[in-house]
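# Survey of secondary and tertiary structure
Spelled out, the chains give:
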Amino acid sequence: MAKPTKIREDSPALAVQTPPEAPPAVNKLAPAAEWVDQRSGIGKVIKGALRKIFPDHWSFLLGEIALYSFIILLLTGVFLTLWFKPSMGEVEYSGSYELMRNIPMSEAFASTLNISFDVRGGLLMRQIHHWAAMLFVAAMTIHMLRVFFTGAFRKPRELNWIIGVGLLSIGLIEGFAGYSLPDDLLSGTGLRFVDGSIRSIPIIGTWVEFFVFGGEFPGELIIPRLYMVHILLVPGLLLGLISAHMALLVYHKHTQWPGPGRTQKNVVGYPLFPVYAAKAGGFFFIVFGVTTLMGALMQINPVWLYGPYNPSQVTAGSQPDWYMGFVEGAIRIMPNWEWHLGSTTWSWNIFIPFVGLMGLLFTGLALYPFIEAWVTGDKSEHHLLDRPRNAPNRTAFGVACMTCYGMFWAAGGNDIIATQFHVSLNDVTYFMRVAVFVAPVIAFIVTKRICLSLQRRDAETVLHGSPTGVIVRSPDGGYTEAHTPVSQGEAYTLTRHPQWTPVESGGRVRQRLSRWFAHGQIAKPTAEDIEAASHHAHPISPVDAAADETASIGSGKDAE
Amino acid sequence: MSERKPLRRRRGTRAFVLAATLGLLAVVYAGFAPATRSLAENTEQITQGKDLFATNCASCHGLGGEGLAEEGVPALTNVGAAAVEFQVSTGRMPAPNTVSQPVPRENTFTADEVAAMAAYVASLGTGPGIPNEDQYLPSGLTAEEIAEGGELFRTNCSACHNFKGSGGALPNGVTAPNLQETSPQHVWEAMRTGPGQMPVFASGAIPDADVKKIVAYLEQVNAQPSAGFNLGGLGPVSEGLWAWIAGIGVLVLFAIWITTKGARA
């Protein structure tokens, strides 16, 4: 469980919100610092910032992975722009990679080969950049899942949640633009995929296609345009949104796990300086190191094997990077529904899985905090996190959505599944068509049962203590496991969560949803329950407990 | 009477000219025909092949190689020796059943036995013969020609066999095999005979010179070092899997490590 990290009692690093008056600084830099402070008043800001408290838990570092990957992307990306030529002008390759000798290709692809084979460190930089991009979106995704399952999106953080959804969605666009830039066979195939998806938009599809590509696919404009999107427009948006995301984080203060001494009004943890600066700074180097190792040891996107883009070619195993895999999968398993009205074609087979699914995902994500608040009628502020088990319906719903996403995702690799596991491509496809609907339902039921079982165990632990692993035999031959009572702090942590109460107001739909959301939770032990249970508990000597029980039955004390 | 003599003489001349022409043709034919085996040897090989065929192939393909259309078993009357050499020496034939795709297994026949079956099947009709080494073995190709082989490979082969010949999926449980271990001769034979769902790439479409370029490209592209572990050479699916396992997985372990450490004064 989410136990608060132990902090040594004698640690001077323990959070002290009001530091004692510091003695006058004897420092060579002091006059300079004073000069700046007197003119900008920055000292007060820095002092506040340096003492900013962050709670310690591994799951709070997932967003940092995304932030650090983004920094790595900026650094390696700048390196790559020094040599990359965003042009679709045709050249004959004359670089040092023999197997492309004299092959006609775009300048974009030729310069990507040049970076890979003739620029010192270029291939490493390309591979780090690509791995960092995969990690960037992956880290944003698990960070979002953490926020979802702990209820950290609730008031007052709904806006920051929406900014996060925005970051994730334009992160996908950024990744896709980068995937398309080298103009190799795979990226061209991906562009063709998007081209077809744009065309599937009813009425305006063809017009939008011509607008985006500057005429027929592929034209000569798309690479320069995507280059602008990839290195200027979207990174600018990302930077702005990340700044807003972190400004709101500082303003709201970080959420924390419930525990003794942790309230809705304080934050228990380490201050930014020196502890968190060291931890987070160190973590940056770890992220950079892991990404560099991946770039050095694991081949990614070997463009020289794919060859230059040629619309007459396609290769088996043409897939997007993982974060677009769910759309790829949806299109692969979608039945071939198409209307022909007059001279028009309505390609629902492409439009529903592409525009429909992505729209559903991101709209649903953005609206979820408001939908849940409407269902629960909860208008209060939350700075303490929910343990996922204590919000069983939310947790089960989240796992169901993850399962649905996972099924679409796996469907995007249906050919790889077929060849690697020696099954029929058709069978995988038919299975996935059913699984995207059925698997989430199963996941919901299973997750909810697990959550409720964990709630029961928590209640059990509060009432009867933790099992000790010591098996005791009683004089009459029975075996029992001795339990040791939990500390008051732990009991508090296990019982702090509020019980869900359905709303009484609002329309029928809202009331029914609200009752459903609150349904099935395990009532947490009341003070009387704990009192009654502690009366029974004789952890050291179960024999006494048995005797006591006999006595109480005899005296009829517990009879109701 | 006086007219008969010239007639007779003419007849004699005609017979002579006919005989001389035939003789000359026979000499010319003998000079040009590939006479590596005598007729008797060929007959003997075909007879041996027919016996082997009857034992190993006829239960599905029929004694005369007529096939069984309703079971999807192809007729072998016009497939040529190359098809037999490819199917048998890669171990695809004899297949264990007529339902699933024949997959490469260990070939238990000797080279002579394969040649005998090939000769028998070739005698049933027409079709490409077993190629000589100079038809498929690349040698003396320039870098440009090998690079052109890459373009030919990506245009004609990679849609099913993947960008470096790692193989791929086809409908209904059929797969396009991995080509990285396939011998040049078998590449040639597969292209000319179109085994399974593979189309025939006849010499009119892709001449032997281009087959050599493709073979050379495949050999070189698979001999070159990859930029780190190639993760199966399967493209973005395996890359995504590794990003999550080796990337996010390892970083989460580090995050746990960092936050379990308290601060020491």
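Residues numbered from 1 in each chain as written. Chains lettered and ligands numbered in written order. Predicted model: local features only at pLDDT ≥ 70, side-chain atom pairs only at ≥ 80, totals over all residues. Heavy atoms only, no water.

## Concerning the overall build of chain A
- What chain A contains, in helices and strands, is 20 helices and eight strands.
- Projected onto its principal axes, the C-alpha positions of chain A cover 100 × 75 × 50 Å.
- For chain A, buried positions account for 48% of its 560 residues.
- Across chain A, every contact between residues at least 6 apart in sequence was considered, and the portion connecting residues at least 24 apart equals 74%.
- Looking at chain A as shown, the accessible area adds up to about 28000 Å², and 67% of this sits on carbon and sulfur atoms.
- Averaging the coordinates of the 42 positive side-chain charges in chain A and doing the same for the 43 negative ones gives two points 6 Å apart. (Helix = DSSP H or I, 4+ residues; strand = E, 2+ residues; numbered from the N terminus. Buried < 20%, exposed > 50% of the residue type's maximum accessible area, 1.4 Å probe, protein only. Contact = heavy atoms within 4.5 Å. Areas by Shrake-Rupley, 256 points an atom, 1.4 Å probe, with all protein chains shown as cover. Lys, Arg positive; Asp, Glu negative; His and termini not counted. Charge placed at Lys NZ, Arg CZ, Asp CG, Glu CD.)

## A few points about the interface of chain A and chain B
- Across the contact, 70 residues belong to chain A and 58 residues belong to chain B.
- Buried surface at the junction of chain A and chain B, summed over both partners, amounts to about 5100 Å²; 70% is from carbon and sulfur atoms.
- One can count one salt bridge joining chain A with chain B.
- One salt bridge in this structure joins Glu144 of chain B and Arg101 of chain A, with 3.8 Å as the shortest N-O distance.
- Its residues assigned to classes, the side of chain A that touches chain B shows 44 nonpolar, 19 polar and seven charged. (Buried area = accessible area lost by both parts, 1.4 Å probe. Salt bridge = Lys/Arg side-chain N within 4 Å of Asp/Glu carboxyl O. Nonpolar A, V, L, I, M, F, W, Y, C, P; charged D, E, K, R; others polar.)

## Side note on the pattern of salt bridges
- Enumeration over the complete set of coordinates arrives at 17 salt bridges over all chains.
- One salt bridge in this structure joins Arg389 of chain A and Asp458 of chain A, with 3.0 Å as the shortest N-O distance. Of the two residues, Arg389 of chain A is situated in the loop between α13 (348-376) and α14 (392-411) and Asp458 of chain A in helix α16 (residues 425-464); the sequence distance between them amounts to 69 residues.
- Residue class for Asp458 of chain A comes out buried when judged on its relative accessible area of 6%.
- When the shortest N-O distance is used, the salt bridge between Asp210 of chain B and Lys213 of chain B registers 3.4 Å. Here the residue Asp210 of chain B and the residue Lys213 of chain B both occupy positions in helix α10 (residues 208-223), the gap between them amounting to three residues, near one helical turn.
- Residues participating in the shared-partner salt-bridge network are Arg154, Glu372, Asp386 and Arg394 of chain A.

## A closer look at the packing of aromatic side chains
- Summed over the entire model, instances satisfying the criterion amount to 39 aromatic pairs over all chains.
- Considering the side-chain rings of Phe213 of chain A and Phe217 of chain A, the 5.4 Å spacing of their centres and the 70 degrees angle between planes classify their relative orientation as edge-to-face.
- A relative accessible area of 1% places Phe213 of chain A in the buried class.
- Here Tyr306 of chain A and Phe163 of chain B contribute two aromatic rings whose centre-to-centre distance is 4.3 Å and whose plane-to-plane angle is 55 degrees, an arrangement assigned as tilted. (Phe/Tyr/Trp six-rings, centres within 6.5 Å; stacked < 30°, edge-to-face > 60°.)

## A few points about the domain arrangement of chain B
Residues and elements named next belong to chain B.
- According to the domain assignment, chain B contains domain 1 (39-123) and domain 2 (133-223).
- Each side of the interface is counted separately: domain 1 has ten residues, and domain 2 has eleven residues.
- A combined buried area of about 760 Å² lies between domain 1 and domain 2, and 59% of that area is made up of carbon and sulfur atoms.
- On the domain 1 side of the interface with domain 2, the three residues burying the most area are Ala82, Phe86 and Gln101, jointly 59% of the side's total.
- Our count for the contact surface shared by domain 1 and domain 2 stands at zero salt bridges.
- The interface formed by domain 1 and domain 2 contains four residue pairs in polar contact (both at pLDDT 80 or more).
- When the residues that make up the side of domain 1 that touches domain 2 are grouped by side-chain class, the tally is four nonpolar, four polar and two charged. (Domains from an automatic or database assignment. Polar contact = N/O pair within 3.5 Å; in protein donor to acceptor, adjacent residues only side chain to side chain.)

## Thoughts on the side chain of His186 of chain B
Residue and element names in this part refer to chain B.
- Positionally, His186 belongs in helix α9 (residues 184-193).
- For His186, a relative accessible area of 13% gives the class buried.
- Residues in contact with His186, not counting those within four places in the same chain, are Glu85, Phe86, Ser89 and Thr90.

## Here we look at the confidence of the model for chain A
- Of the residues in chain A, 91% reach a pLDDT of 70 or more, and the chain-wide mean stands at 89.
- The model gives residues 539-560 of chain A a pLDDT under 50, and that stretch makes 15 contacts with residues more than four places away or in other chains. (pLDDT = per-residue confidence, 0-100.)

## Overview of helix α8 (residues 205-213) of chain A
Residues and elements named next belong to chain A.
- For α8, the set of buried residues is Gly205, Val208, Glu209 and Phe213. For α8, the angular spread of buried residues about the axis comes to 115 degrees, placing them on one side. Those residues of α8 that are exposed and aimed more than 90 degrees away from the buried face are Trp207 and Phe211.
- Buried-residue contacts for α8 involve α7 (185-199) and α9 (222-252). (Arc of directions from axis to C-beta.)

## Considering the domain arrangement of chain A
All names here are of chain A.
- For chain A, the assigned domains read domain 1 (53-361) and domain 2 (387-560).
- One C-alpha centre belongs to domain 1, the other to domain 2; they are set 37 Å apart.
- Taken together, the contacts link 28 residues of domain 1 with 25 residues of domain 2.
- Regarding the contact of domain 1 and domain 2, the summed buried area is about 2100 Å², with carbon and sulfur atoms giving 69% of it.
- A per-residue breakdown of the area domain 1 buries against domain 2 is headed by Phe149, Pro258 and Ile333, which together make up 32% of the total.
- Across the domain 1-domain 2 interface, the total number found is one salt bridge.
- With a shortest N-O distance of 3.1 Å, Asp415 and Arg332 are connected by a salt bridge.
- Taken together, domain 1 and domain 2 are joined by eight residue pairs in polar contact (both at pLDDT 80 or more).
- Of all elements in the fold, only α5 (122-149), α12 (325-333) and α13 reach the threshold of two or more residues within the side of domain 1 that touches domain 2.

## A short note on the environment of Leu75 of chain A
- Mapped onto the elements, Leu75 of chain A comes out in helix α3 (residues 62-81).
- Distance from Leu75 of chain A to His129 of chain A, taken between C-alpha atoms, is 8.7 Å for residues 54 residues apart in sequence.

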